[in-house]
Every structure is written in C-alpha cells, then in structure tokens.
Amino acid sequence: MIVEQSKQIIEEVGKAFIGKTDLVEKVLMTIYAGGHVLLEDCPGVGKTTLAMAFSKALGLQNKRIQFTPDTLPSDITGFTMYNRESNRFEYRDGAANCQLLLADEINRTSPKTQSALLEVMEEHTITVDGKTHALPTPFLCIATQNPLGSAGTQPLPESQLDRFMVCLSIGYPTLENQMKILNAQRYSNPLLDLHPVTDAGNIIEVQNYLASVRLADPVLKYAIRLCEATRVHPLVELGISPRGVAALVKMARANAVLRERNYVVPEDVQNVFLDVCAHRLVLRPQARVEGLTAREVLEETLTKVRPPRPEDR
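Thresholds, definitions, all that
- Residues numbered from 1 in each chain as written.
- Predicted model: local features only at pLDDT ≥ 70, side-chain atom pairs only at ≥ 80, totals over all residues.
- Heavy atoms only, no water.
- Helix = DSSP H or I, 4+ residues; strand = E, 2+ residues; numbered from the N terminus.
- Buried < 20%, exposed > 50% of the residue type's maximum accessible area, 1.4 Å probe, protein only.
- Contact = heavy atoms within 4.5 Å.
- Core = buried A, V, L, I, M, F, W, Y, C linked by side-chain atoms within 4.5 Å.
- Pairing = 2+ DSSP bridges.
- Axes fitted to C-alpha atoms, helices over the stretch in contact; angles between N-to-C directions.
- Phe/Tyr/Trp six-rings, centres within 6.5 Å; stacked < 30°, edge-to-face > 60°.
- Lys NZ or Arg CZ within 6 Å of the ring centre and 35° of its normal.
- Salt bridge = Lys/Arg side-chain N within 4 Å of Asp/Glu carboxyl O.
- Expected span 1.5 Å × (residues − 1).
- 1 Å grid on protein atoms, 1.4 Å probe; cavity = no way out; pocket = protein on both sides within 12 Å on 5 of 7 lines; lining within 4 Å.
- Points joined across faces, edges and corners; volume = space filled by probe spheres on them.
- Nonpolar A, V, L, I, M, F, W, Y, C, P; charged D, E, K, R; others polar.

*Asks:* What's the story with the environment of phenylalanine 67 in this structure? I'm lost.
*Replies:* With respect to the secondary-structure elements, phenylalanine 67 resides in the loop between β2 (62-66) and α4 (73-77). Overall, the relative accessible area of 1% leaves phenylalanine 67 in the buried class. For the pair phenylalanine 67 and threonine 113, spaced 46 residues apart in sequence, the C-alpha to C-alpha distance is 9.0 Å. Not counting chain neighbours up to four residues away, the residues in contact with phenylalanine 67 comprise Ile76, Ala103, Asp104, Glu105, Ile106, Arg108, Thr109, Thr113 and Leu117.

Listed below in structure tokens is the structure:
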C-alpha cells in the first residue's frame, strides 16, 4: 500500500516538476520521516514549483509565506488583537497554522524572523503572549533558499539548520527535460492540474509505520559511528548533533520502506547520509583554504567507517 501510494504521489508531482525523480523521492521520504525539507539552489530551477507540487499532491492544508527583509515574526506565529465587540483579546493565526508550510526564500529575512520558526519546527507549537497553540498534524515545512552570496541573503543559524532533516539541491535540468518543461507550460500552469492523491490520515499512518521498521543494533551503531566520526574530524568545527543522528535513522527507515523492505540495511544509511548531514557541518577555516566542502568531508567519512558485515546484522 505504501509503495503504491508513493508511486502515485511521485507521478502526480512529476506532472509539474519534470525530471529529478530521485530528488522527489527524497522529499517524500523526509515527509514520511516527519521531517522538514530545505531546498537550496540558484533562482529559477524549480524549488518553489517542487514545494507547491507536493502541497497539491498530498492534500494537506497548506500556507505559503514569501520571506522578505520586512517580514515580521508575527507573520509566522500570529498575534493577539483586541476585539472591541467581545471586549477581549483574540488570537489571529499566522502562516505557520497549517499542515504544510511553504517558506519561500527563507534566507532573505532577518534572523529575528527566522528564529520564529525554531519552536514551530521542533515542537509543532506556537507560543504567543504566554499561551501555547498546537499546530495541526502532521506539520511539515518545505523551505527554499538561495545560495549564500546572492544579493540580500542572510545565513540561517546552525540551530535552525539543524531542524531541517535534509538539505537538497535541485541542479539544472537536462536539455530533454527543459524541452518538456517549456512544452508543459505552453498553454497553462501544470500546477493547476494537480490533484490530491492522499490525505493527512494516510501520511500519519505511514509516519507511525516507520517506527516498526526493524533496525538491527549493528546497523544503528554504524549510523552513530558515521556521525561521531564527523565530531573528531580535524577539519570540522561542529559535527553532527544527536538530533542529526535521529534524523539519519528516521531517513534510513523511510528509504527502506520505499525500497519495499521492513528492515534497514547499511545501504539505506549511506543513501541518505550526505543529504541529512552536509548542512549540519561547520568546517574549520583550514577546510575552506584547502577547498573542501561538507559533502566531500562526509564522502571521506563513508570510506573510513566500515559498515557491518551481513552475518553481523
């Protein structure tokens, strides 16, 4: 059932976001794992289109907020307002009061506004004027950002980056896919033709099922050792946090489910390791001098930490 539902979602999203099926799978795996997605790439490659396509295909209550330098925290969390008719203060919803939040160009707003998402993403609640409001379930955030160095961008703090389960890059489409994209947009916007193929109840069922996917102790130790290796790497200032380890385990379980298995193998961990961990690393200045990137450091880690043998699993 899960595999069939996943194929339907991927097919529906593919009507608007053409090509990059592996990327669509990883976004879907993150949703199944109950995590948040950060899409980082240059403008015009389809980041917002991918996020909007998922909001349509999943059938979730969604809201979109375009981050700008003058966006306020209350735009996200909501605010209390005095109602003269009832003679009392009433809470007005913000953009985060939904099941799927599309946060567009999240690094174009101020750190004060970015920090309004910390509680929302981690605890799925909003606290305004001392009163806490629970968000609908499931709650997911798909955020887009332009690469650092683009005009008007501000880096996200490490604490907020750590709350995104994965950071994905789309890249440029092939020649054939660009022709398909232009032909699909010739007469109308493909997003308008998308229809829900699932609902919130089914998403929650899959998220609950992931906890039953078997993860043997040797495979769990392998995932932990990979993350611990980043903490002692001479070129890494800040390694993978325990939250990152938990995210890696959840994504490995989701990867196993999409491969029609109810158990995790080391290949599941390896397949998602870079996407889960690269944005969490903070490299030392020496790494930048040597021209190393976070993904290259993680690829080196994969070669040094040996996976468990089949007979040990």
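Picking up after the structure, the text goes on.
*Asks:* What should I look at first to understand the nonpolar core in this one?
*Replies:* The tendency in soluble globular proteins is for nonpolar side chains to be buried as a group. Of all hydrophobic cores here, the largest spans 75 residues; its most connected members are Val13, Tyr32, Leu50, Phe54 and Val269. Per-element tally for this core: the top contributor is helix α11 (residues 242-258), with 10 residues. The residues touching valine 13, leaving out its near neighbours within four places in the chain, are Val24, Leu50, Ala53, Phe54 and Ala57. In this structure, Ile76, Leu156, Phe164 and Cys167 belong to the second largest nonpolar core, which totals 24 residues.

*Asks:* Quick question: what am I supposed to make of the sheet that holds strand β8 (residues 140-145) here?
*Replies:* Strand pairing in a sheet relies on backbone hydrogen bonds. The paired strands run either parallel or antiparallel. A sheet is described by the order of its strands in space; here five strands give the open sequence β2-β5-β8-β1-β9, paired in parallel fashion. With partners counted over all chains shown, the strands left at the sheet margins are β2 and β9 (166-168), one partner each. Within the sheet, the average angular offset between the axes of one strand and its neighbour, ignoring direction, is 15°. When β2 meets strand β5 (residues 100-104), the two strands line up parallel, connected through five bridges.

*Asks:* It is not clear to me how the packing of aromatic side chains should be interpreted in this structure. Could you clarify?
*Replies:* For the coordinates displayed, the defined rule picks out one aromatic pair. A cation over an aromatic ring shows up here: arginine 261 above the ring of tyrosine 263, its NZ or CZ 5.6 Å from the ring centre.

*Asks:* I would appreciate a short explanation of the environment of valine 3 in the present structure.
*Replies:* Following the sequence through the fold, valine 3 ends up in helix α1 (residues 2-14). When its relative accessible area of 22% is taken as the criterion, valine 3 is described as partly exposed. For the pair formed by valine 3 and glutamate 260, sequence separation is 257 residues and the distance between their alpha carbons is 6.8 Å. Not counting residues within four places of it along the chain, the set of residues in contact with valine 3 comprises Val257 and Glu260.

*Asks:* Just to check I follow, could you spell out the pattern of salt bridges for this structure?
*Replies:* A side chain with one charge may pair with a side chain of the opposite charge, provided their charged atoms come close. Tallied over the full model, the rule gives 14 salt bridges. The closest approach of N and O atoms between aspartate 275 and lysine 26, which form a salt bridge, is 2.6 Å. Of this pair, aspartate 275 sits in helix α12 (residues 266-277) while lysine 26 sits in helix α2 (residues 21-32), and the two are 249 residues apart along the sequence. Its relative accessible area of 7% is what places aspartate 275 among the buried residues. Residue arginine 243 pairs with aspartate 162 through a salt bridge whose shortest N-O separation is 2.8 Å. Separated by 81 residues along the polypeptide, arginine 243 in helix α11 and aspartate 162 in the loop between α7 (158-161) and β9 bring together distant segments of the chain. Owing to a relative accessible area of 31%, arginine 243 belongs among the partly exposed residues under this scheme. Accessibility expressed as a relative area gives 12% for aspartate 162, which makes it buried.

*Asks:* What should I look at first to understand α11 in this one?
*Replies:* At 3.6 residues per turn, the α-helix brings residues three or four places apart onto the same side. With 17 residues, α11 should cover 24 Å at 1.5 Å per step; its first-to-last C-alpha distance of 25 Å lies within 8% of that length. Among the 17 residues of α11, 13 are classified as buried, and the element is accordingly described as predominantly covered. After α11 finishes, the residue glutamate 260 shows a positive phi value of roughly 60°.

*Asks:* Explanation requested: the layout of surface pockets in the structure shown.
*Replies:* The computed volume of the largest pocket comes to approximately 970 Å³. Around the largest pocket, the lining comprises 35 residues; the ones closest to its centre are Glu40, Cys167, Ala278, His279 and Ala294. Going through the elements one at a time, α2, β1 (37-40), α7, β9, α12, β11 (282-283) and α14 (294-304) are the ones with two or more residues in the lining of the largest pocket. Here the element with the most residues in the lining of the largest pocket is α2; it accounts for three residues. Of the residues in the lining of the largest pocket, the class split is 19 nonpolar, six polar and 10 charged. A volume near 420 Å³ is recorded for the second largest pocket. Along the wall of the second largest pocket there are 27 residues; nearest its centre are Gly44, Val45, Gly46, Lys47 and Thr49.

Limitation: the analysis is restricted to geometry and does not speak to function.
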